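A closer look at the structure
Spelled out from the first residue to the last, the chains are:
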Amino acid sequence: MRRTLIYLILLVAALILIQFIRPENNLGELESETDLVQVSQVPDTLASIFLNSCYDCHSNHTRYPWYGNLAPFSWYLNKHVVEGKAHLNFSSWGLMDKAQKISQLDQICEEISSGSMPLKSYLLIHRSSRLSSHDIMAICNWADSEALEILTGD
Ligand code: HEC
């Protein structure tokens, strides 16, 4: 009994202590000049799919849930944001060269078609961020024509 109490106190103390280790929040401007929507022709319907299903991890602005600042969840979220942005950041789309854009467009279609993106753990909590097969087809069609335009454009 006494031992259980000691463990409980230690656990609570640990939970309080870890709150001091705070990753930096990803709360940059949502609307930037280099954002995908600003530099490319993205139909509104697709722009809102990206915003709702991808931007939390692939842009400079994350919509944090209520537990977003609570360790250890905050660490877990931060890891996804840092890794996601390292691979693809829609906020700095305009900074990529043609070859990078074309390769990303190809990857985007591949990742959503295989069901790898959005991450499964994210979809468990963000059910409205799931993509329908119609969404996937629309994004892949757009990605193809966007890539073609980049290839043939000046
Ligand atoms: C919960 C966070 C999260 C969400 C939401 C998310 N991603 Fe990702 N994404 C990641 C992480 C982390 C990686 C890198 C590790 C990996 O591939 O699993 C990644 C990798 C990628 C890559 C690979 C890029 C490369 O260079 O290999 C693409 C493309 C991608 N995501 C597209 C998307 C698209 C499109 C959406 C929305 C439909 C999306 N992601 C939603 C976290 C996320």
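Above this text sits the structure in question.
Structural notes, computed from the coordinates. Note that the coordinates shown come from a computational prediction; the quantities given were computed from them, not determined experimentally. (Residues numbered from 1 in each chain as written. Predicted model: local features only at pLDDT ≥ 70, side-chain atom pairs only at ≥ 80, totals over all residues. Heavy atoms only, no water.)

On to the environment of Ala86. Residue position: Ala86 is located in helix 5 (residues 73–87). The spacing of Ala86 and Ser59 is 27 residues in sequence and 9.9 Å in space, taken between C-alpha atoms. (Helix = DSSP H or I, 4+ residues; strand = E, 2+ residues; numbered from the N terminus.)

Moving on, we come to the environment of His61. Turning to its location among the elements, His61 is positioned in the loop between helix 4 (55–58) and helix 5. A relative accessible area of 24% means that His61 is categorised as partly exposed. With 21 residues separating them in the primary sequence, His61 and Ser40 have C-alpha atoms 19 Å apart. Among the polar contacts listed, one links the side chain of His61 to the backbone oxygen of Gly28, at a separation of 2.8 Å. (Buried < 20%, exposed > 50% of the residue type's maximum accessible area, 1.4 Å probe, protein only. Polar contact = N/O pair within 3.5 Å; in protein donor to acceptor, adjacent residues only side chain to side chain.)

As a further point, take the coordination of the iron atom of the ligand. For the iron atom of the ligand, every protein donor is listed as His58 (NE2) and Met117 (SD), and the spread of their distances is 2.0 to 2.3 Å. Bound by 6 donor atoms, the iron atom of the ligand shows angles of 85 to 178° at the metal and therefore octahedral coordination geometry. Separated by 59 residues along the polypeptide, His58 in helix 4 and Met117 in the loop between helix 6 (98–113) and helix 7 (120–125) bring together distant segments of the chain. On the accessibility criterion, His58 (13% relative accessible area) is buried. (Donors = N, O, S within 2.8 Å, 3.2 Å for Na, K, Ca; no water. Tetrahedral: all angles 85-135°; square planar, octahedral: opposite > 155°, others 65-115°.)

Further remarks concern the nonpolar core. Core analysis: the biggest nonpolar cluster contains 24 residues, and Leu36, Phe50, Phe90, Trp93 and Trp142 have the highest contact counts within it. For this core, the secondary-structure elements that each account for two or more residues are helix 3 (44–53), helix 6 and helix 8 (133–152). Top contributing element to this core by residue count: helix 8, with 7 residues. Leave out the neighbours within four places in its chain, and Phe50 touches Leu36, Val42, Tyr55, Phe90, Ile108, Ile139 and Trp142. (Core = buried A, V, L, I, M, F, W, Y, C linked by side-chain atoms within 4.5 Å. Contact = heavy atoms within 4.5 Å.)

This part is about the packing of helix 3 against helix 8. Contact geometry for helix 3 and helix 8: axes closest at 11 Å, N-to-C directions at 110°. What the angle tells us is that helix 3 and helix 8 run roughly perpendicular. As helix 3 packs across helix 8, the resulting crossing turns out to be left-handed. Contacts between helix 3 and helix 8 involve Leu46, Ile49 and Phe50 on the former and, on the latter, Asp135, Ala138, Ile139 and Trp142. (Axes fitted to C-alpha atoms, helices over the stretch in contact; angles between N-to-C directions. Parallel < 35°, antiparallel > 145°, perpendicular 65-115°, else oblique. Left-handed = near helix turned anticlockwise from the far one by under 90°.)

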